[in-house]
Amino acid sequence: MKDQQEAVIRDTARIRQVKARAYRVPAETPEADGTLEWESTTLVLVEIQAGSCTGIGYTYSSSAAAGFINSELADLLLTQDALQIPHLTQTLIRNIRNNGNCGLAMMAVSAVDTALWDLKARMLELPLCRLLGQAKDAMPVYGSGGFTDYTRGRLQEQLGGWAAQGISSVKMKTGADPELDVARVRAAREAVGPATVLFVDANGAYTVKQALDKAARFAALGVTWLEEPVSSDNLEGLRFIRERAPAGMNIAAGEYAWNLACFRSMLQAGAVDVLQADATRCGGISGFLKAGHLCEAAGLPFSSHCAPALHLHAALALPSFFTGEYFYDHARIERMLFDGVSPPRQGCLLPDLDRPGLGLTFKHRDAEKFLI
Ligand SMILES: [Mg+2]
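Residues numbered from 1 in each chain as written. Predicted model: local features only at pLDDT ≥ 70, side-chain atom pairs only at ≥ 80, totals over all residues. Heavy atoms only, no water.

The protein is annotated in an unreviewed UniProt entry as L-alanine-DL-glutamate epimerase-like enolase superfamily enzyme from Chitinophaga japonensis. We quote the UniProt Cofactor (unreviewed entry) comment for the protein here in full: "Mg(2+)". (UniProt positions renumbered as here; feature names shortened; annotations may be inferred.)

If you want it as structure tokens, here you go:
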């Protein structure tokens, strides 16, 4: 009898279909940071079906990641037990070895892993945060935008708007023209007032000496977080800046850490005061949780990068979680393409515990016009 029951469970948990698609969404206006400019963002969505449930996951990547999932990863999952996520994700990571467990291949694995967690929670009829177990009830977020191609007026309007909404921390981009940065940060400070926490992200645009100069000048304007002052590939440079920046200036990085070894290297190098991770790049919900636990072991605060709706439930499961990035462009795309996206309330995202999984439903019909 018990064998029969287990066989039925195994059969309903068997993965029947894996399908990825890519959607290119034009930016509201062209956007730029210290080292890149863009006019659109591509979301790669993967749907995994087992029994009567379908789980969804996504990454912000090249559309090639959708092709990679369909041609290289889908067959590895079909007929497998959807509930055994560590086994499935390890199978995928082993199989991408010759493509590198980083970059595009890891973004594809990340989307699949997230879809598996969404699927498992749906099969068990639980919100994902309840399946993972909660350390927190709410996810604090900071408003993130302030692109380097914004006019002074637009910069002030966006950051000041978040502050007026009760989002008490905001982040702006710098580094495209270092000569202008102090004046831009001063304008942002004027817009958000003295009580709002102000972060700066240079996206690796500065030299080490420039970064030390900016860290001191930004600190005088009450900035408490300097993200990627130099490239994240330069761990010695990050450490050098971290050790010499003003006491209140926290160095943040981690958005390009693709796997657990990358996070360990950053922590061992003493490169950061705040470790960031992006579940759409570092191995999905599984990789994000592992990075969060590693960060807890290092005694540092942990922060999510971009994709706020995707990180919500996993962030709630982590005692070390500090704040999540409410990135302007991704928040806009998530609102457009998914039902179930919670707006920030008093600077926090809260899960809808009546919805299973990530709580998100993809709006296929609305998204059709963006399909690549
Ligand atoms: Mg960044």
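A. Quick peek at the overall build of the protein. In terms of helices and strands, the protein carries 14 helices and 14 strands. Computed over the C-alpha atoms, the radius of gyration of the protein is 21 Å, within 12% of the 21 Å expected from 2.2 N^0.38 for a compact globule of 372 residues. The principal-axis extents of the C-alpha atoms in the protein amount to approximately 70 × 40 × 35 Å. The burial tally for the protein puts 56% of its 372 residues in the buried class. Carbon and sulfur atoms provide 50% of the accessible area of the protein, an area that totals close to 15300 Å². Here the protein holds 36 positive side-chain charges and 41 negative ones, and the gap between their average locations is 2 Å. (Helix = DSSP H or I, 4+ residues; strand = E, 2+ residues; numbered from the N terminus. Rg over C-alpha atoms; globule rule 2.2 N^0.38 Å. Buried < 20%, exposed > 50% of the residue type's maximum accessible area, 1.4 Å probe, protein only. Areas by Shrake-Rupley, 256 points an atom, 1.4 Å probe, with all protein chains shown as cover. Lys, Arg positive; Asp, Glu negative; His and termini not counted. Charge placed at Lys NZ, Arg CZ, Asp CG, Glu CD.)

B. Structural view of the nonpolar core. Grouped together as the largest cluster of nonpolar side chains are 117 residues, with contacts concentrated most on Ile 48 and Ile 69. When we break this core down by domain, the ones giving at least three residues each are domain 1 (2-125) and domain 2 (130-360). Among residues more than four places away in sequence, those in contact with Ile 48 are Ile 15, Gln 17, Val 18, Cys 53, Thr 54, Gly 55, Leu 77, Val 112, Ala 115, Leu 116 and Leu 119. Core analysis: the next-biggest nonpolar cluster, separate from the first, contains five residues, Tyr 142, Phe 199, Trp 225 and Ala 252 among them. (Core = buried A, V, L, I, M, F, W, Y, C linked by side-chain atoms within 4.5 Å. Domains from an automatic or database assignment. Contact = heavy atoms within 4.5 Å.)

C. Representation of the coordination of the magnesium ion within the structure. Protein coordination at the magnesium ion: the donors are Asp 201 (OD), Glu 227 (OE) and Glu 255 (OE), at 2.0 to 2.2 Å from the metal. Taken in chain order, the donor set of the magnesium ion reads D-x25-E-x27-E. Of the two residues, Asp 201 is situated in strand E6 (residues 197-201) and Glu 255 in the loop between strand E8 (250-253) and helix H10 (260-268); the sequence distance between them amounts to 54 residues. Here Asp 201 matches Glu 255 in class, with each residue buried. (Donors = N, O, S within 2.8 Å, 3.2 Å for Na, K, Ca; no water.)

D. The pairing of strand E7 (residues 223-227), seen in detail. Taking burial as the measure, the five residues of E7 include four buried ones, the bulk of the element. Where E6 and E7 come together, four bridges link them in parallel fashion. Following the sheet pairing, Val 200 is matched in E7 by Leu 226. The β-α-β motif built from E6, the intervening helix H8 (residues 208-220) and the parallel element E7 has right-handed crossover chirality. (Pairing = 2+ DSSP bridges. Right-handed = clockwise from strand over helix to strand, strands pointing away.)

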